[in-house]
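Architecture and fold: a report
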Amino acid sequence: MEKKWYKEMSVYQIWPRSFCDGNGDGIGDLKGILSKLDYIKELGVDAIWFSPLYPSPNADYGYDIANYRDISEDYGTLEEFKTVLDEAHKRGLKVIMDLVVNHTSTEHEWFKESMKGEDNPYHDYYIWRKGRKPGKEPNNWLSTFQGKAWEYCKDIDKYYLHVFAKEQPDLNMDNPKVRQEVKDIIKFWLDMGVDGFREDVITFISKKEGLPNGFPIPTACGIEHYMNGPHLKEYLREFKEIYDQYDCFTVGEAPMMTTKRALEFIKEGDDQLLNMMFHFEHMGCDNVITNWIVTPFKPGKLKKVYARWQKDLYGKAWNANYIENHDQPRIISRYGSEKYRQQSGKMLATMYICQSGTPFIYQGQEIGMTNPKIPTIDRYKDVSSFNTYALFRKLGIPDSITMKFCMYASRDNARTPMQWSAEKNAGFTTAEEPWFEINPNYTEINVEAEKNNPHSILNYYKKLLKFRKENDIVKYGDFEMLKTCKDIFAYVRTYEGQKMLVLCSFTDKEIAFRAPKDFDLNAAELVLWNYDNNPLVHNGFMTRPYETRVYLIK
Ligand code: NOJ
């Protein structure tokens, strides 16, 4: 397998609004980020991915962009961004921007022009259609954020398509002028010195010709026509012409992606269109259809999904590994245990970072933040949470049940401010009120407390990332899942004569584990663990709640 810099690195994701407030207005910003670059560097990561920093009316907190070439006033100025970029580079940290080009904000100049009518040169930048008949949308597609995917504009008697919120009109990528704009935007940031992009819902940018009706399913009606469209590869190939002029990297966000399909985009070789892809399969082990239809967590499913991605991509393509981001609730509250926060936080980190791929770590994950469980909908901020709540109400589901789902599954669970210290407002802001409430557990769970505790999750992440950096087996070894009971995920990695065994328990029960005969635990070095005292009985041991151990044979 070819070694590449982007395979060696690990990435820290910042969701700017909630990371650190440097100017005291209650909102995270670039000044705050600048003050925390040393913290990020010390964690042992190699790159930062910024969720959108651009001007935005915040219908979807930055994923509705009003100007692709500037920085939101909430966060600072372009000059301040350049300082952050330089300072990150000085510390050896790469910087990755979010490229959101499936849609813009309705506040983008292009859209404002586009609304003026068919004669306007920007009209075809978006997907405008006449109704099927008066008052009837052009087709039956639904927005993934709820409601119809079409919004009517009376002045021009046409509808525009929005696969997300109505403030997020879809761009018409079939228009060569739009593709040229995208290429110019990519160039703009690469010329400034950024090192790559995370590409938002990139598999949605080409729509089926004629926009036919979709299969009538809730929330995703039309997805078979607006995802993986006929010109997707062609458009990505065009963008790649720009990327190829720089030493940069790309990771595409790809809902409903399978390994087979992913290989068509990320297989190494002349026609590799993206360096890696974020799939969602492993995020569906405690829900069906949407995050909000919550089911008990199934570790067996998680293992199967991981084993498939590891096996199918090995030697051909590269995985992008994550367990949290700004769209996913906190992992300890989902796949781990708040009661065994420290143990399960470390176990979950080990479980995915010891696999082959580039690991992504979301702000707060490294200190084991948990879901805030905000009990009433009026205290939420996220458009998709409001819409799902309204939809459930329409379906006749009692609010009390909906709120249970919401407290578990809302994206806002990941968006409360970063917990820096036990001081007022968790050290996130000096303002009286932060823009969004802080998880009351900040008095115990915060960076300061984690730094000072040698057994903390934070210190474990540092050790784990250092171990990954120093050992090629973690990056490049092949992967074999061991046969165990459903609550134990154990795998062996092999590389150039070395072997590494990773054991992860997903239960608070004690379970007997025995290593395979050809892996002699007594001859191996225990390199990572989450309990003191790690005795062996023959070639195995009884696991403790959410135990993890990593053994290495050199
Ligand atoms: C995926 C982003 O991660 C999410 O936050 C956003 O709402 C949608 N794409 C739409 O841009």
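Thresholds, definitions, all that
Residues numbered from 1 in each chain as written. Predicted model: local features only at pLDDT ≥ 70, side-chain atom pairs only at ≥ 80, totals over all residues. Heavy atoms only, no water. Helix = DSSP H or I, 4+ residues; strand = E, 2+ residues; numbered from the N terminus. Rg over C-alpha atoms; globule rule 2.2 N^0.38 Å. Buried < 20%, exposed > 50% of the residue type's maximum accessible area, 1.4 Å probe, protein only. Contact = heavy atoms within 4.5 Å. Areas by Shrake-Rupley, 256 points an atom, 1.4 Å probe, with all protein chains shown as cover. Lys, Arg positive; Asp, Glu negative; His and termini not counted. Charge placed at Lys NZ, Arg CZ, Asp CG, Glu CD. Core = buried A, V, L, I, M, F, W, Y, C linked by side-chain atoms within 4.5 Å. Domains from an automatic or database assignment. Buried area = accessible area lost by both parts, 1.4 Å probe. Salt bridge = Lys/Arg side-chain N within 4 Å of Asp/Glu carboxyl O. Nonpolar A, V, L, I, M, F, W, Y, C, P; charged D, E, K, R; others polar. Near = heavy atom within 4 Å. Polar contact = N/O pair within 3.5 Å; in protein donor to acceptor, adjacent residues only side chain to side chain. Pairing = 2+ DSSP bridges. Phe/Tyr/Trp six-rings, centres within 6.5 Å; stacked < 30°, edge-to-face > 60°. Lys NZ or Arg CZ within 6 Å of the ring centre and 35° of its normal. Axes fitted to C-alpha atoms, helices over the stretch in contact; angles between N-to-C directions.

**Here we look at the overall build of the protein chain**
- Regarding its fold elements, the protein chain presents 17 helices and 20 strands.
- The globule rule puts the C-alpha radius of gyration for 554 residues at 24 Å, and the 23 Å found for the protein chain is close to it.
- By residue count, 62% of the 554 residues in the protein chain fall in the buried class.
- The long-range share in the protein chain, meaning contacts at least 24 apart out of those at least 6 apart in sequence, stands at 70%.
- About 21300 Å² of surface is accessible on the protein chain, with carbon and sulfur atoms providing 51% of the total.
- Separation of charge centres in the protein chain, based on 74 positive and 80 negative side chains, amounts to 6 Å.

**Digging into the nonpolar core**
- Core analysis: the biggest nonpolar cluster contains 152 residues, and Phe81, Trp189 and Met351 have the highest contact counts within it.
- Sequence-distant contacts of Phe81, defined by excluding residues within four places in its chain, comprise Leu30, Phe50, Leu53, Ile71, Val95, Met97, Trp189, Met192 and Val194.
- Among the nonpolar cores identified, the runner-up in size contains 18 residues, and Phe145, Val163, Ala165 and Leu211 belong to it.

**Notes on the domain arrangement of the protein chain**
- For the protein chain, the assigned domains are domain 1 (5-102 + 177-210 + 222-372 + 411-461), domain 2 (109-161), domain 3 (373-410) and domain 4 (478-553).
- Summarising the inter-unit geometry, the C-alpha centres of domain 1 and domain 3 are found 24 Å apart.
- Counting residues at the interface gives 21 residues for domain 1 and 19 residues for domain 3.
- Here domain 1 meets domain 3 over a buried area of about 1900 Å², counting both sides, of which 54% is carbon and sulfur.
- A salt bridge links Asp382 to Arg415; the nearest nitrogen and oxygen atoms lie 3.8 Å apart.
- Among the secondary structure elements, those contributing two or more residues to the side of domain 1 that touches domain 3 are strand 11 (290-294) and helix 11 (331-334).
- No other element matches strand 11, which puts four residues into the side of domain 1 that touches domain 3.
- Of the residues in the side of domain 1 that touches domain 3, the class split is nine nonpolar, four polar and eight charged.

**A short note on the site of the ligand**
- By nearness alone, every residue bordering the ligand is listed as Asp60, Tyr63, His103, Phe145, Phe164, Arg198, Asp200, Glu253, His326, Asp327, Arg411 and Arg415.
- Asp60 places a side-chain nitrogen or oxygen 2.5 Å from an oxygen atom of the ligand.
- Between Asp327 and the ligand, the recorded distance is 2.5 Å, taken from a side-chain N or O atom to an oxygen atom.
- When the ligand sits alone it has 300 Å² of accessible area, and the protein chains cover 97% of it.
- Here the residues of the shell around the ligand sort into three nonpolar, two polar and seven charged.

**Considering the pairing of strand 14 (residues 478-481)**
- Summarising the sheet, strand 14 and strand 15 (residues 488-495) pair through four bridges and their orientation is antiparallel. By the bridge assignment for strand 15, Asp478 is matched with Thr494.

**A closer look at the packing of aromatic side chains**
- In this structure the tally under the stated criterion is 43 aromatic pairs.
- With centroids separated by 5.9 Å and ring planes inclined at 15°, the aromatic side chains of Phe164 and Phe204 adopt a geometry described as stacked. Placement of Phe164 in the loop between strand 6 (158-161) and helix 6 (176-192) and of Phe204 in the loop between strand 7 (196-199) and helix 7 (223-226) is noted, with a sequence separation of 40 residues between them. Considered together, Phe164 and Phe204 belong to a single accessibility category, that of buried residues.
- Relative to Phe506, the ring of Phe297 lies with its centre 5.7 Å away and its plane at 50°, an arrangement referred to as tilted. With Phe297 in the loop between strand 11 and helix 10 (299-313) and Phe506 in the loop between strand 16 (498-505) and strand 17 (511-514), the pair connects residues that are 209 residues apart, well separated along the chain. Across the pair, exposure class does not vary: Phe297 and Phe506 are buried alike.
- By the ring-pair criterion, three or more aromatic residues cluster together here, those being Phe50, Tyr54, Tyr68, Phe81, Trp110, Tyr122, Tyr125, Phe188 and Trp189.
- Lying across the ring of Phe265, Lys233 places its NZ or CZ 5.6 Å from the centre.
- Residue placement shows Lys463 over the ring face of Trp529; its charged tip is 3.8 Å from the ring centre.

**Examining the sheet that holds strand 9 (residues 276-278)**
- Strand order in the open sheet formed by eight strands is 9-8-7-3-2-1-13-12, with parallel pairing between adjacent strands. On the outer flanks of this sheet lie strand 9 and strand 12 (320-321), each paired with one strand and no other.
- When strand 7 meets strand 8 (residues 249-253), the two strands line up parallel, connected through four bridges. Along strand 8, the bridge assignment pairs Arg198 with Val251.
- Running over the sheet, helix 4 (residues 78-90) touches strand 2 (47-50) and strand 3 (94-99) and is turned about 140° from strand 3.

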